[in-house]
Amino acid sequence: MDDFKKRLLDAELTEDDVRAILDWQLSLPAEQMDCDLMRECDLFLSPDAPGMDEDRRRTMHDALLARIGAQPPRSAKPARLPHRRRRLLTAALIALLLLALAVGGVAYSVRRGVLNFNEDYGWYGPLVHLDGAEDFVVSGPLAHVELPHVTIDVTEAVTDGADLRVVYSVTNNEGLPVTGEPGSDYTDVPGAVEDGVHMCDWIEVNGQDAFFDDAFQAPGDAPGQMLYYLQTNLPSWGVDISGCETLDIGLPMLPRAEGERSWQTVDFTIPAKLDPSQILGAQLESADMGGHAVRVTQATFSPLSGYVEIEVEGMTRELFMREFTTLCEVYGPDDYALSGAHLTGGGETETGYAFGFTMRPPQDGWPGTLVLALERKDYTADWEAVIRLVPGEAEK
């Protein structure tokens, strides 16, 4: 650790400097905070934190200096965006977040897997998960396809019945470097020209199609290797897996066979049955949504993610488009907004309109109740529904 401190001092970065950077980040609105930068600062200030081996110190040192160079502290605080509720992110909460991230890094050791693929991106929030999410992960290779110029491996997959994530790799058999367009973040899929391989655009699950909510790519550790992360919310795409023992998954990413109109798929199977003790459903406690009756139609809250769908009876698509934004918020205790909350799926039903809310779990676990809020265009009071999380399935 002394050697590490000396390198920081040589770079004119002292402990006070690191504390000042933390203070600066804590002065920003929550949506502008760089959690990765704060984590690096916390690791430097807490040398006994889990995972602080010499390789991690060197990596942290380089990343910290790069981020500081790219994000100079501003002399004045930016104006806060207007919010409907007071959203506090105190130093204590930040400390808990950083601690949870550090502990999670020890419990889940895969460098880029379904639980941590983007943790060092810097521009996108980390894939937060709770203890127990590792139990859902199925590691591989789950599928292995060898083509003349590339090899494809599905390395991990995980589902909680609603959220489904897959990580696969495409590796050039000769270790040739991955190429991309100059000045672009886009990188060619290895074997795209030679073998007709392409990045997966949708996924087949038990004969049903779903598209992706998130998709990331990153170079792998092997020469000529690219890694790909895919995430989808199955209920929001109308994929019904209730009662299924397994998920038969196909990735349509291989070239079409001669005379065929459909893409060939990379196929694998994972269990669909989960430990019911780790899954929560939801029941409606109250609702203030323009006098409309509200009911919970689906809900899955796990260590991996949260999803709930509510139906507002008598609501129409025209009313929604006219009076509401496409934004939502999900609040826990003390009006604390959960991260990653957004509307997905839903749509018109026989008796009204359905809204699907998806969110990341809070670091200290799911609270007993959550407030689901739809944002109105005229800035009048949000429409809100309060749900109570309960063991088992959602009320119907």
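Nothing here was measured: the structure is a model prediction, and the numbers come from that model.

### Topic: the side chain of threonine 358
With respect to the helices, strands and loops of the structure, threonine 358 is situated in strand 16 (residues 352-359). Overall, the relative accessible area of 10% leaves threonine 358 in the buried class. In this structure the side chain of threonine 358 is engaged in a polar contact, spanning 3.3 Å, whose partner is the backbone oxygen of glycine 306. Once residues within four sequence positions are removed from consideration, threonine 358 is found in contact with Asn233, Gly306, Tyr307, Gly340, Ala341, His342 and Thr344.

### Here we look at the sheet that holds strand 9 (residues 263-271)
With antiparallel pairing, four strands are arranged side by side in an open sheet as 5-4-8-9. With one partner strand each, in any of the chains shown, strand 5 (208-211) and strand 9 form the two edges of the open sheet. Recorded for the sheet is a direction-independent mean angle of 30 degrees between the axes of neighbouring strands. By the bridge criterion, four bridges tie strand 4 (residues 202-205) to strand 5 in an arrangement that is antiparallel.

### Describing the packing of aromatic side chains
Here the distance between the centres and the angle between the planes together describe a pair of aromatic rings. All told, the structure shown has ten aromatic pairs when counted by the stated rule. Between phenylalanine 324 and tryptophan 383, the aromatic rings sit 4.7 Å apart at their centres with planes inclined by 70 degrees, giving edge-to-face as the arrangement. With phenylalanine 324 in strand 13 (residues 324-331) and tryptophan 383 in strand 18 (residues 383-391), the pair connects residues that are 59 residues apart, well separated along the chain. Neither phenylalanine 324 nor tryptophan 383 differs from the other in exposure class; each is buried. By the ring-pair criterion, three or more aromatic residues cluster together here, those being Phe320, Phe324, Tyr353, Phe355 and Trp383.

### As for the side chain of asparagine 233
Note on placement: asparagine 233 falls in strand 7 (residues 225-233). Non-local contacts of asparagine 233, meaning those with residues more than four positions away in its chain, are made with Ala162, Asp213, Tyr307 and Thr358.

### A short note on the pairing of strand 16
When you tally the buried positions in strand 16, you get eight out of eight residues, the bulk of the element. Here strand 12 (residues 306-313) pairs with strand 16 via eight bridges, running antiparallel. Its bridge partner being in strand 16, glycine 306 is matched across the sheet by methionine 359. Bridge count for strand 15 (residues 347-348) against strand 16 is two bridges, and the pairing is antiparallel. What sits directly across from glutamate 348, in strand 16, is tyrosine 353. Counting the residues in the hairpin turn of strand 15 and strand 16 gives three residues.

### Some remarks on the pattern of salt bridges
Side chains that differ in charge, positive against negative, can pair when their charged atoms come close. Evaluation of the coordinates by the stated rule reveals seven salt bridges. Its salt-bridge partner being arginine 111, residue aspartate 221 comes within 3.0 Å of it at the nearest N-O pair. Here the residue aspartate 221 occupies a position in the loop between strand 6 (214-219) and strand 7, and arginine 111 occupies one in the loop between helix 5 (91-107) and strand 1 (138-146), the gap between them amounting to 110 residues. For aspartate 221, a relative accessible area of 61% corresponds to the exposed category. Judged by its relative accessible area of 48%, arginine 111 falls in the partly exposed class. The partner of arginine 376 in a salt bridge is glutamate 323, and the shortest N-O contact between them spans 3.0 Å. Linking arginine 376 in strand 17 (residues 369-376) with glutamate 323 in helix 6 (residues 317-323), this pair joins segments that are 53 residues apart in sequence.

### Concerning the confidence of the model for the chain
A residue-level look at the chain finds 71% of positions with pLDDT of 70 or above and a mean pLDDT of 78. In this model, residues 1-12 is a region of pLDDT below 50 whose contacts with residues beyond four sequence positions or in other chains number 20 contacts. Considering only residues more than four positions removed or in separate chains, one finds that residues 49-53, a stretch of pLDDT under 50, has nine contacts.

Rules and cut-offs
- Residues numbered from 1 in each chain as written.
- Predicted model: local features only at pLDDT ≥ 70, side-chain atom pairs only at ≥ 80, totals over all residues.
- Heavy atoms only, no water.
- Helix = DSSP H or I, 4+ residues; strand = E, 2+ residues; numbered from the N terminus.
- Buried < 20%, exposed > 50% of the residue type's maximum accessible area, 1.4 Å probe, protein only.
- Polar contact = N/O pair within 3.5 Å; in protein donor to acceptor, adjacent residues only side chain to side chain.
- Contact = heavy atoms within 4.5 Å.
- Pairing = 2+ DSSP bridges.
- Axes fitted to C-alpha atoms, helices over the stretch in contact; angles between N-to-C directions.
- Phe/Tyr/Trp six-rings, centres within 6.5 Å; stacked < 30°, edge-to-face > 60°.
- Salt bridge = Lys/Arg side-chain N within 4 Å of Asp/Glu carboxyl O.
- pLDDT = per-residue confidence, 0-100.

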